[in-house]
Amino acid sequence: MSEQPAPPESPLPTPALSEEHAAERVRLEREYLGWSTGELAKRMTAAGYPMNQSSVWRIESGEPRRRINLDEAIGFAKVFGLPLEEFLGPPESSSNKHIADVTDVVLDMYRRLLDLMKSTGEAFKLVDQYNAMFPQHAGELNDRIARAIAEENRRRGPVRESPMVFLRYPAFQQAEQPSDATSQE
């Protein structure tokens, strides 16, 4: 008997593409962007894929759901800024992308906050240096700075969140824990 050649290995499985995924993705992306069904319909039409609000609603919620044709799928992908394959893929991939997006925004803001805190520290070192050199003017300088900050707060309105807002997030608290080596010094 001759040996049969082994069948070629199948490629890695790819996520199932389906109209059901696309319909759910329309709803998820629209809600993530804060758009109404009417707003999405307007954007589809403006992008060259005419659609009305009722069609968007029937795609998302109809029983049975309205089918999405290929041109519309391309239009939705374009309007949402997604590759077509990602738009047609499982809706869970949308959550991962949105989580990554939100994480990036928070990390960027945190980095900016750290830079501002460093700059603010440097500015107050200048105040301390001036006050040390000219103690007779320290009260006037401190009062002027306090008035300028109060005026800036009045012009901009109240600050709703403290820069220390990061402290309430467990991930930040874990990152701030000193290691055993540092805590023993």
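So, a few notes on the structure that sits alongside this text. (Residues numbered from 1 in each chain as written. Predicted model: local features only at pLDDT ≥ 70, side-chain atom pairs only at ≥ 80, totals over all residues. Heavy atoms only, no water.)

**A look at the packing of helix H1 (residues 19–33) against helix H3 (residues 53–61)**
Helices that pack against each other are described as a pair by the angle of their axes relative to one another and the distance between those axes. The criterion, for reference: For helices, the fitted line uses only the C-alpha atoms of the stretch in contact; every axis is such a line through C-alpha atoms, and the angle between N-to-C directions lies from 0 to 180 degrees. What counts as a helix is a DSSP run of H or I of at least four residues, what counts as a strand is a run of E of at least two, and both are numbered from the N terminus. Note: crossing handedness is left-handed where the near helix turns anticlockwise from the far helix by less than a right angle, and right-handed where it turns clockwise. By the convention used here, residues are in contact when the closest approach between their heavy atoms is within 4.5 Å. Under this grouping Gly is polar, as are all residues other than the nonpolar Ala, Val, Leu, Ile, Met, Phe, Trp, Tyr, Cys and Pro and the charged Asp, Glu, Lys and Arg.
One can describe the packing of H1 onto H3 by two numbers: an axis separation of 7 Å at closest approach and a directional angle of 115°. As for how H1 packs across H3, the hand of that crossing is left-handed. Of H3, the residues touching H1 (which contributes Ala23, Val26, Arg27 and Arg30) are Val56, Ile59 and Glu60. Tallied by class, the residues present in the contact of H1 with H3 amount to four nonpolar, no polar and three charged.

**Describing the environment of Ser55**
In this structure, Ser55 sits in helix H3. Along the backbone, Ser55 and Ile68 are 13 residues apart, and their C-alpha atoms lie at a distance of 9.6 Å.

**Description of the pattern of salt bridges**
Here is the rule we go by: Throughout this description, the term salt bridge denotes a Lys or Arg side-chain nitrogen within 4 Å of a carboxyl oxygen of Asp or Glu. Under the scheme applied here, a residue whose accessible area is under 20% of the maximum for its type counts as buried, over 50% as exposed, and between as partly exposed, the area being computed with a 1.4 Å probe on protein chains only.
Evaluated as defined, the whole model comprises 14 salt bridges. Between Glu24 and Arg27 there is a salt bridge, with the nearest N and O atoms lying 2.2 Å from each other. Here Glu24 and its partner Arg27 are both found in helix H1, three residues apart, which amounts to about one turn of the helix. Residue Glu24 is classed as buried on the basis of its relative accessible area, which comes to 19%. A relative accessible area of 23% means that Arg27 is categorised as partly exposed. Across the salt bridge formed by Glu86 and Arg25, the nearest N and O atoms sit 3.5 Å from each other. Placement of the pair is Glu86 in helix H5 (residues 84–88) and Arg25 in helix H1, with a sequence separation of 61 residues. Assessed through its relative accessible area of 27%, Glu86 is described here as partly exposed. In this structure Arg25 comes out as buried when scored by relative accessible area, which is 0%.

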